[in-house]
Protein chains: 2
Amino acid sequence: VGGLVARVLRFLDKAWALGVSEPKKVIHGFKVGIALSLVSLFYYVRPLYDVFGGNAMWAVMTVVVVFEYTVGATLSKSINRATGTFLAGSLGIGVHWVASQSGEKFEPIILGISVFLLASAATFSRFIPSVKARFDYGAMIFILTFSLVSVSGYRVDKLIGMAQQRLSTIAIGTSLCIFISMCISPIWAGDELHRLIHRNMEKLAESLEASVANYFKDNQSGYPSQEDNSKKTQAYKCVLNSKATEESMANFARWEPAHGPFNFRHPWKEYLKIGALLRECACCIETLSGCLNSEKQGMEHLKGYLKHASMAVCSHSCNVLRELSKSVKTTTKSSKLYLSVGEMKFALQELQNALKSLPTQLILEQVLASQANENKSTTKKECAPPVMEVIPLATLVSLLTEIVARIEEIVDG
Amino acid sequence: VGGLVARVLRFLDKAWALGVSEPKKVIHGFKVGIALSLVSLFYYVRPLYDVFGGNAMWAVMTVVVVFEYTVGATLSKSINRATGTFLAGSLGIGVHWVASQSGEKFEPIILGISVFLLASAATFSRFIPSVKARFDYGAMIFILTFSLVSVSGYRVDKLIGMAQQRLSTIAIGTSLCIFISMCISPIWAGDELHRLIHRNMEKLAESLEASVANYFKDNQSGYPSQEDNSKKTQAYKCVLNSKATEESMANFARWEPAHGPFNFRHPWKEYLKIGALLRECACCIETLSGCLNSEKQGMEHLKGYLKHASMAVCSHSCNVLRELSKSVKTTTKSSKLYLSVGEMKFALQELQNALKSLPTQLILEQVLASQANENKSTTKKECAPPVMEVIPLATLVSLLTEIVARIEEIVDG
């Protein structure tokens, strides 16, 4: 029992933390509560109940099923539900009429076959990517309504009355949902997408900075900052996994009316492109941090040569990312942005120069040393090791180059 | 009109292609059709209709909503639906009883407040990750049933009868779904996860091979193979985006009973770990192919030195991946696997040696040349360029090293 209590307490603790960190989700909960309480009024207010009767149930159902977190999702589900019900309802009534004309013997056969065929086709259509992305829910509602109508066994004239009531209760439910989700602290999918993109940029900057700093500082700094650092280094992982969220947000955002700084036909597809580029960049950072982690040992003196230049490239690219994030956030073009891109390129050039001059010098020293040795003794010394040690640094440089190139692409995109 | 027809034709064409490439999805469509036709029988068979009456609607609804692509998903939704309905129904009847005891004036107030509070709490709970992953649908059904029961306005004794009917129709619907999804060509989530993992391994091997081959061959081969190649090179992208699918499959697989080579408590979490490692590997490959693409120009003669060794590393790592895929596929330990890991390591060592000896020789040549020049004239020649040209190769080598290390991790995992 103690274990159960502990688990429940831990669960509540987690829920509380989530509520504190994202109060919007708590507000969404209350919004659903309000919508449901309002729709329950239909049952308590006599005249309304007399009109709709048992069909008022569908209003409650609609509210529960259709009310989603973002306005776009709510709109898309509402439209899907209304369209699906309407289409399936009319088709169902048509099939019913045909079946009832063809005699009592054939009626169940025709109805059964039509249910089988349409349900199979609609279920299969839900796997087609373009349908799945936008009309998945509508297809489900279509199947549901069609089978309910065709098996209901009522006369056609009664069915039409029922269909009207059903549609009007659904209309009431959906309009209530849309009204509440748009008027009480609305959560726009477009906004969320926007926020996701510029946060992801910041996260990339953070983890790029942290992983390079980690590589170069390691030995001087103490352990306590390590954990904090690794959390920052891992920030890119969120970026890597954000594809599904971005796509669904962009899908919902298309349904949304103009709001705030966003117009109709806001270029949501551009956001998806930027998102894809950001993920590529995150991929690079993950490889970089992997490479840096696995090659930590040795060559402290070599690291020293490039430390300054690499840190400069890193901090300049982070600047560009942050500038970019700011300019996305405010949806303005930043004049600073091009300046910092220039700085970034310059820093990269410097780093490449540093690398260029470094091993040649080292090898020359060693070659001269070995030549000197040859004069003294006949034992030959190997010249290879320094090159081997330069490889990780070369990797660092070329990965940084690649990251810079991808950031530039993002800037251009 | 012509445009519309063309679009419809294109849509049908796409649907047909999908059906041909994945016949399982067509079969799933037919399974849903069969389930719905069977459940419609309730309406046509008189004695059954007399027992359940209008409530038989809930059986149809259950089938439409609960029947999912995989057995695990169907089971999880069924259990969620039954549990949610049962909990909310009992709670609703309890609240109803309390409200009816407290007089006509307070009844609607108590009911309204309870709907508001419970709906808000349940909606919020759907955002908590652990609930969202496994009980999202159950929470929705809970809200739905509770509000329907508490607003229904019937007397409590009538409610209990209704609740019984509701539950039994849901039981009929869910058991029919589970029966059909398990008996007619079942699609197990565990199987799908298994297939996803070993296919991803093959895809990684394919794109690693293609991107390295692309880098080294480019100039000799003609254009026609280019497109085919780039398709293969892009194969890793599927791997990068497979996280969400893997997680949901693993979630569903947990609900599934023993089947085929899989037992209860099959280590689905291990699959997730392997999946994560594969994604890291895919990240590396994406960086590698990015680096190779951006550094295609020049240094053909340098490439020549390392071509043989790099191709060897690449083909051996592909061998390991394919061996691994085979051993996952058959769920047996392959004795060849360790052999090919050894070969891979050896090839990597050779490549590193090749790289080690390469630039030193080149530079030595040049140094000697420049010394010779110094003797002849006072114009100094630069020694730097070769090192700069070696960088991409060094990157290639260290990325390959990283990929090898990650493959080893996968082998150990």
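Residues numbered from 1 in each chain as written. Chains lettered and ligands numbered in written order. Predicted model: local features only at pLDDT ≥ 70, side-chain atom pairs only at ≥ 80, totals over all residues. Heavy atoms only, no water.

If you tally the helices and strands in chain A, you get 16 helices and 0 strands. The proportion of buried residues among the 413 residues of chain A is 50%. A separation threshold of at least 6 residues defines the contact pool for chain A, and within that pool the share at least 24 residues apart is 81%. For chain A, the accessible surface area stands at approximately 19,800 Å², while carbon and sulfur atoms represent 62% of it. (Helix = DSSP H or I, 4+ residues; strand = E, 2+ residues; numbered from the N terminus. Buried < 20%, exposed > 50% of the residue type's maximum accessible area, 1.4 Å probe, protein only. Contact = heavy atoms within 4.5 Å. Areas by Shrake-Rupley, 256 points an atom, 1.4 Å probe, with all protein chains shown as cover.)

Another aspect to go through is the packing of aromatic side chains. For the coordinates displayed, the defined rule picks out 6 aromatic pairs over all chains. Consider the rings of Phe-30 of chain A and Phe-116 of chain B, whose centres lie 5.9 Å apart with planes at 15°: the pair is stacked. In this pair, Phe-30 of chain A is assigned in helix H2 (residues 23-44) and Phe-116 of chain B in helix H6 (residues 103-125), connecting two distinct chains. A relative accessible area of 22% means that Phe-116 of chain B is categorised as partly exposed. With a centroid separation of 5.1 Å and an interplanar angle of 65°, the aromatic rings of Tyr-69 of chain A and Phe-127 of chain B are classed as edge-to-face. Of the two residues, Tyr-69 of chain A sits in the loop between helix H4 (57-66) and helix H5 (71-101) while Phe-127 of chain B sits in the loop between H6 and helix H7 (129-151), which places them in two different chains. Tyr-69 of chain A sits in the buried class, given a relative accessible area of 15%. Phe-127 of chain B gets classed as buried once you look at its relative accessible area, which sits at 15%. Positioned above the aromatic ring of Tyr-137 of chain A is the side chain of Lys-77 of chain A, whose terminal nitrogen or guanidinium carbon lies 4.6 Å from the ring centre. (Phe/Tyr/Trp six-rings, centres within 6.5 Å; stacked < 30°, edge-to-face > 60°. Lys NZ or Arg CZ within 6 Å of the ring centre and 35° of its normal.)

Working definition: two side chains of opposite charge can pair if their charged atoms are close together. Residue and element names in this part refer to chain A. Counted according to the given criterion, the structure contains 14 salt bridges over all chains. For the salt bridge of Glu-247 with Lys-243, the shortest nitrogen-to-oxygen distance reads 3.4 Å. Highlighted residues: Glu-247 and Lys-243, both in helix H12 (residues 243-253), separated by 4 residues, approximately one helical turn. Several salt bridges share partner residues, and in doing so they unite Lys-24, Glu-192 and Arg-195 into one network. (Salt bridge = Lys/Arg side-chain N within 4 Å of Asp/Glu carboxyl O.)

Another aspect to go through is the nonpolar core. Membership of the largest hydrophobic core comes to 66 residues, with the highest contact counts inside it found for Leu-36 of chain A together with Leu-36 of chain B. Those residues in contact with Leu-36 of chain A that sit more than four places away from it in its chain are Val-60, Val-63 and Val-64 of chain A together with Val-115, Ala-119, Ile-143 and Ser-147 of chain B. Within the second largest apolar cluster, 60 residues are counted, among which are Ala-189 and Val-212 of chain A together with Ala-282 and Leu-288 of chain B. (Core = buried A, V, L, I, M, F, W, Y, C linked by side-chain atoms within 4.5 Å.)

Another aspect to go through is the environment of Ile-34 of chain A. Within the secondary structure layout, Ile-34 of chain A lies in helix H2. Along the primary structure Ile-34 of chain A and Ile-180 of chain A are separated by 146 residues, whereas in three dimensions their C-alpha atoms are 8.5 Å apart. Apart from the residues lying within four places of it in its own chain, the contact partners of Ile-34 of chain A are Ile-180 and Ile-184 of chain A together with Phe-116 of chain B.

Residue and element names in this part refer to chain A. Where H4 meets H5, the closest approach of the two axes is 10 Å, and the angle between their N-to-C directions is 140°. Here H4 lies oblique to H5, going by the angle between them. Between H4 and H5 the crossing geometry is right-handed. Here H4 contributes Trp-58, Thr-62, Val-65 and Val-66 to the contact with H5, which in turn contributes Thr-74, Lys-77, Ser-78 and Arg-81. Classifying every residue of the contact of H4 with H5 gives 3 nonpolar, 3 polar and 2 charged. (Axes fitted to C-alpha atoms, helices over the stretch in contact; angles between N-to-C directions. Parallel < 35°, antiparallel > 145°, perpendicular 65-115°, else oblique. Left-handed = near helix turned anticlockwise from the far one by under 90°. Nonpolar A, V, L, I, M, F, W, Y, C, P; charged D, E, K, R; others polar.)

Residues and elements named next belong to chain A. Secondary-structure assignment places Arg-81 in helix H5. One buried charged residue, Arg-81, forms no salt bridge at all, with the nearest opposite charge on Glu-68 at 10 Å. Ignoring anything within four residues of it in the chain, the contact list for Arg-81 reads Trp-58, Thr-62, Val-65, Val-66, Tyr-137, Ile-141 and Ile-170. (Lys, Arg positive; Asp, Glu negative; His and termini not counted.)

Moving on, we come to a nonpolar patch on the surface. A contiguous nonpolar patch, built from Val-1, Leu-4, Val-5, Val-8, Leu-9, Phe-11 and Leu-12 of chain A and spanning about 700 Å² of accessible area, is present on the exposed surface. Structurally, the position occupied by Phe-11 of chain A is in helix H1 (residues 2-21). (Patch = residues over 30% accessible without salt bridge, like charges linked within 9 Å, V, L, I, M, F, W, Y side chains within 5 Å.)

We now examine the environment of Cys-314 of chain A. With respect to the element layout, Cys-314 of chain A can be found in helix H14 (residues 300-329). Setting aside its immediate chain neighbours within four residues, Cys-314 of chain A contacts Leu-208, Glu-209 and Val-212 of chain A.

Right, let's get into the side chain of Ser-242 of chain B. Residues and elements named next belong to chain B. Looking at the element boundaries, Ser-242 is found in the loop between helix H11 (235-240) and helix H12 (243-253). According to the relative accessible area criterion, Ser-242 is buried, its value standing at 5%. Of note is the side chain of Ser-242, whose polar atom sits 3.4 Å from the side chain of Asn-200. The contacts of Ser-242, once residues within four sequence positions are left out, are Asn-200 and Arg-279. (Polar contact = N/O pair within 3.5 Å; in protein donor to acceptor, adjacent residues only side chain to side chain.)

All names here are of chain A. Averaged over all residues, the pLDDT of chain A equals 75, while 70% of them reach at least 70. Least confident of the elements in chain A is helix H16 (residues 385-412), whose mean pLDDT is 58; most confident is H5, at 87. Confidence drops under a pLDDT of 50 for residues 220-224, and excluding neighbours within four residues, the segment shows 1 contact in the predicted structure. Low pLDDT, under 50, characterises residues 375-388; the predicted model gives this stretch 13 contacts beyond four residues in sequence or across chains. (pLDDT = per-residue confidence, 0-100.)

With that settled, the discussion passes to the environment of Leu-193 of chain B. All names here are of chain B. Secondary-structure assignment places Leu-193 in helix H9 (residues 189-217). As a C-alpha pair, Leu-193 and Gly-92 span 101 residues in sequence and 39 Å in three-dimensional space. Not counting residues within four places of it along the chain, the set of residues in contact with Leu-193 comprises Glu-246, Met-249, Ala-250, Trp-268 and Tyr-271.

Moving on to unusual backbone geometry. Residues and elements named next belong to chain A. Positive phi values are uncommon outside glycine, yet Ser-185 reaches one of about 30°. By the secondary structure assignment, Ser-185 is in the loop between helix H8 (156-183) and helix H9 (189-217). What makes Ser-185 partly exposed here is its relative accessible area of 35%.

Before going further, it helps to examine the state of the cysteines. Residues and elements named next belong to chain A. In total, this model carries 0 disulfides over all chains according to the counting rule given. No disulfide involves Cys-177; its sulfur sits 13 Å from the nearest other cysteine sulfur, which is in Cys-183. Given a relative accessible area of 0%, Cys-177 falls into the buried group. (Disulfide = S-S within 2.5 Å.)

What follows covers H5 of chain A. In an α-helix, one turn spans 3.6 residues, which is why side chains three or four residues apart end up on the same side. Over its 31 residues, H5 of chain A extends 45 Å from the first C-alpha to the last, a length consistent with the 45 Å expected when each residue adds 1.5 Å. Just past H5 of chain A, the residue Gly-103 of chain A takes up positive phi, approximately 90°. (Expected span 1.5 Å × (residues − 1).)

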